[in-house]
Amino acid sequence: MPTYLWSAKNSDGQAVLERVTAANAAEAKAQLTARGLTDLELKTEDIHDAVAQLVHNETGNQPQPTPQQQLRYMESKWAPVWDALWQSKGLLCLSAALL
């Protein structure tokens, strides 16, 4: 089942990040709403989880960053660069060989 990253506010009005496993984003949102969270904002899409599953299947090791680490990575200016390098493993291997 996909995992979604959401930002929200708890009952005290504090900003929180939550990772929710659900069949789809609407179900994940319903789970968070039922827990009393408000101002929900979806931070990931189905594709993010699909890529994580692909990494897990190819390497046997699925990284488990905290929700804060995941969001920081996604919002960084280097994220597209690292994603492109990861997707082109040949280029990555060539770069490593040159070092």
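Residues numbered from 1 in each chain as written. Predicted model: local features only at pLDDT ≥ 70, side-chain atom pairs only at ≥ 80, totals over all residues. Heavy atoms only, no water.

(A) The environment of K43, seen in detail. Relative to the elements of secondary structure, K43 occurs in the loop between β3 (38-42) and α2 (46-59). For the pair K43 and L71, spaced 28 residues apart in sequence, the C-alpha separation works out to 7.4 Å. A polar atom in the side chain of K43 sits 3.1 Å from the side chain of E41. (Helix = DSSP H or I, 4+ residues; strand = E, 2+ residues; numbered from the N terminus. Polar contact = N/O pair within 3.5 Å; in protein donor to acceptor, adjacent residues only side chain to side chain.)

(B) Quick look at the side chain of N10. Relative to the assigned elements, N10 resides in the loop between β1 (3-9) and β2 (15-21). Sequence-distant contacts of N10, that is, excluding residues within four places in its chain, are made with V16 and L37. (Contact = heavy atoms within 4.5 Å.)

(C) Representation of unusual backbone geometry within the structure. Non-glycine residue D39 carries a positive phi angle of around 50°. Residue placement: D39 occurs in strand β3.

(D) Geometry of the sheet that holds β3. The three strands lie next to each other as β2-β1-β3, forming an open sheet whose pairing is antiparallel. Strands with a single pairing partner mark the edges of an open sheet, and in this sheet they are β2 and β3. When the angles between neighbouring strand axes are averaged without regard to direction, this sheet yields 30°. Of the pairings in the sheet, the one linking β1 to β2 comprises seven bridges and is antiparallel in character. From the neighbouring strand, T3 faces β2, where its bridge partner is T21. Packing against the sheet, helix α1 (residues 25-34) makes contact with β1, β2 and β3, and its axis sits at approximately 40° to β1. (Pairing = 2+ DSSP bridges. Axes fitted to C-alpha atoms, helices over the stretch in contact; angles between N-to-C directions.)

By themselves, these observations are geometric and do not establish any function.
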